[in-house]
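Each chain is listed here by its residues.
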Amino acid sequence: MLNGLTELSEAVSKALSEHQGDILELNGLTELSEAAAEAIAKHQGELLCLKGLTELSEAVAKALSKNQHGLGLMGLTELSEAAAKALAKHRGDDLCLNGLTGISDSVAEALAKHQGELRLDGLTELSEAVAKALAKHQGKLYLSNLTGISDSVAEALSEHQGDFLNLNGLNELSETAVKAFGQYQGRLMISARLRTYLA
């Protein structure tokens, strides 16, 4: 871990890109240049974690999207459509955006094109439009901070095209939601109590 670093020169970034460990954590960084992002995106470990970034330009998002492994951007509290489209091209197996508490329809549409695991565990509510957009995602989808969803959102999410959907935070399911999720073709992660309704 190198969380004490608060700034990163291009030279240091290039050196860090050759880091041999599985995880490279640079959570002290609150800003990142495009050149530095290009360099550290070459890290070959399992996870590149940049929790200190709270916003992301399209250029930096494009640079980071070249990372071929897990990318953790849990500090982002907002995301533009342009940056989302760039991140959607990330070809690593895991994109973590757990700091987002809400996303627009267009951002959801963009992120749904990401081909790996998509972690949006910071979302506390979903509109039907966002749910329909995210349902197009073909990888594992994590939405474990949702405590309640409408019937229309449940029906939309039940059409999720991936093989895994995490809704472990749900407190209740209506009869309509139970019927919808009963048709889900992938693995649904919900609490043990709610799982009994789907048995």
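Here is a short report on the structure shown in this document. (Residues numbered from 1 in each chain as written. Predicted model: local features only at pLDDT ≥ 70, side-chain atom pairs only at ≥ 80, totals over all residues. Heavy atoms only, no water.)

## Comments concerning the overall build of the protein
For the protein, the helix and strand inventory stands at nine helices and eight strands. In terms of C-alpha radius of gyration, the protein reaches 18 Å, essentially the compact-globule figure of 16 Å for 199 residues. By principal-axis analysis of the C-alpha atoms, the protein measures approximately 60 × 30 × 25 Å. At a minimum sequence separation of 6, the contacts of the protein that also span at least 24 residues come to 43%. (Helix = DSSP H or I, 4+ residues; strand = E, 2+ residues; numbered from the N terminus. Rg over C-alpha atoms; globule rule 2.2 N^0.38 Å. Contact = heavy atoms within 4.5 Å.)

## What to know about the sheet that holds strand 8 (residues 187-189)
Strand order in this open sheet of eight strands is 1-2-3-4-5-6-7-8, and the pairing throughout is parallel. Lying at the two open borders of the sheet, with one neighbouring strand each, are strand 1 (23-25) and strand 8. Across two bridges, strand 6 (residues 141-142) lies against strand 7 (residues 164-166) in parallel orientation. Within strand 7, the residue paired with Tyr142 across the bridge is Asn166. (Pairing = 2+ DSSP bridges.)

## Quick word on the pattern of salt bridges
Taken as a whole and judged by the stated rule, the model has seven salt bridges. The partner of Arg119 in a salt bridge is Asp94, and the shortest N-O contact between them spans 3.1 Å. Here Arg119 is found in strand 5 (residues 117-119), whereas its partner Asp94 is found in strand 4 (residues 94-96), with 25 residues between them in sequence. You can call Asp94 buried: its relative accessible area is 17%. As a salt-bridge pair, Glu109 and Lys136 come within 3.5 Å of each other at their nearest N and O atoms. A residue pair is termed long-range when its members are at least 10 positions apart, and Glu109 in helix 5 (residues 105-111) and Lys136 in the loop between helix 6 (128-134) and strand 6 qualify at 27 residues. Through salt bridges with shared partners, one network takes in Asp94, Glu117 and Arg119. (Salt bridge = Lys/Arg side-chain N within 4 Å of Asp/Glu carboxyl O. Buried < 20%, exposed > 50% of the residue type's maximum accessible area, 1.4 Å probe, protein only.)

## Focus on the packing of aromatic side chains
Using the criterion set out here, one finds one aromatic pair in the structure. Summarising the aromatic geometry, the rings of Tyr142 and Phe164 are spaced 5.3 Å apart at their centres and angled 50° between planes, so their arrangement reads as tilted. Here the residue Tyr142 occupies a position in strand 6, and Phe164 occupies one in strand 7, the gap between them amounting to 22 residues. We note Arg119 situated over the ring of Tyr142; from NZ or CZ to the ring centre the distance is 4.0 Å. (Phe/Tyr/Trp six-rings, centres within 6.5 Å; stacked < 30°, edge-to-face > 60°. Lys NZ or Arg CZ within 6 Å of the ring centre and 35° of its normal.)

## Let's talk about the side chain of Ser191
One can find Ser191 in the loop between strand 8 and helix 9 (192-198). Classification of Ser191 as buried rests on a relative accessible area of 18%. In contact with Ser191, not counting residues within four places along its chain, are Asn168 and Leu170.

## Some details on the nonpolar core
The biggest cluster of nonpolar side chains holds 58 residues, and the ones touching the most others in it are Leu64, Leu97, Leu120, Leu134 and Leu143. Elements represented by at least two residues in this core include exactly helix 2 (34-40), helix 3 (58-64), helix 4 (81-87), helix 5, helix 6, helix 7 (151-157) and helix 8 (175-181). The residues contacting Leu64, other than those within four sequence positions of it, are Leu32, Ala37, Ile40, Ala41, Leu48, Leu50, Leu56, Leu71, Leu73 and His90. (Core = buried A, V, L, I, M, F, W, Y, C linked by side-chain atoms within 4.5 Å.)

## Description of the side chain of His90
Mapped onto the fold, His90 is located in the loop between helix 4 and strand 4. Within the structure, the side chain of His90 is placed 3.3 Å from the backbone oxygen of Asn67, a separation counted as a polar contact. A polar contact of 2.8 Å, which involves the side chain of His90, links it to the backbone oxygen of His69. (Polar contact = N/O pair within 3.5 Å; in protein donor to acceptor, adjacent residues only side chain to side chain.)

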